[in-house]
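The residues making up each chain are set out below.
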Amino acid sequence: MSRIRAEYMDPAGVRHGGMPTVHWGGADPTIYATKRQLAKKGKRRGRQPVAAQLRWWGITGHGGYGERFADLYRWDLAKDKRPATRRQLAALAKANRALRTCPTCGVVREYVIPRKYGECIDCHDDYWCSKPYSGAEREAA
Ligand SMILES: [Zn+2]
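Scope of this entry: the structure provided in the associated data block. (Residues numbered from 1 in each chain as written. Predicted model: local features only at pLDDT ≥ 70, side-chain atom pairs only at ≥ 80, totals over all residues. Heavy atoms only, no water.)

1. Overview of the coordination of the zinc ion
With distances of 2.2 to 2.3 Å, the protein atoms coordinating the zinc ion are Cys102 (SG), Cys105 (SG), Cys120 (SG) and Cys123 (SG). Its four donor atoms give the zinc ion angles of 104 to 115° at the centre, a pattern that matches the tetrahedral case. (Donors = N, O, S within 2.8 Å, 3.2 Å for Na, K, Ca; no water. Tetrahedral: all angles 85-135°; square planar, octahedral: opposite > 155°, others 65-115°.)

If you want it as structure tokens, here you go:
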């Protein structure tokens, strides 16, 4: 074990204010997981406190190389993600419906109204078709 790794390896948290600390790869993946790892398996941390912290050297958000931290949670205390409630689904459906409603003709479309047109394809086409070369004008000529 390298010196740096040994420095990080502090499962009892003696040198880290009581926070159990492990180096990257030093955490037992069957016991600990990061929030992201929990989410991947459809879990959430629930009310459990941070179980340990992970430290490693790596690329930082600022493009440099430095010390990184990640909070670790326990699998056995993680909760299943709550399925969306009926109310949340209704809110989503409503928002989705609003995105599909054409402000020009008021018709709810199968697709989301293209933002660049600001109206449904039919209205957009009508707009362009009613320009100089429309059938109506040709008939009148
Ligand atoms: Zn329309």
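2. With respect to the sheet that holds strand β2 (residues 32-33)
Spatial ordering of the open sheet is given by β1-β4-β5-β2, a layout of four strands whose pairing is mixed. Single-partner strands in this sheet number two, and they are β1 (21-23) and β2. Alignment of β2 against strand β5 (residues 65-74), held across two bridges, turns out to be antiparallel. Each residue of the ladder has a partner; that of alanine 33, found in β5, is tyrosine 73. (Pairing = 2+ DSSP bridges. Helix = DSSP H or I, 4+ residues; strand = E, 2+ residues; numbered from the N terminus.)

3. With respect to the pattern of salt bridges
The final tally for this structure, using the stated rule, is four salt bridges. With a shortest N-O distance of 3.0 Å, arginine 55 and glutamate 67 are connected by a salt bridge. Note that arginine 55 is positioned in strand β4 (residues 52-59) and glutamate 67 in strand β5, a separation of 12 residues in sequence. Between aspartate 76 and arginine 74 there is a salt bridge, and its shortest N-O distance comes to 2.7 Å. Aspartate 76 sits in the exposed class, given a relative accessible area of 55%. (Salt bridge = Lys/Arg side-chain N within 4 Å of Asp/Glu carboxyl O. Buried < 20%, exposed > 50% of the residue type's maximum accessible area, 1.4 Å probe, protein only.)

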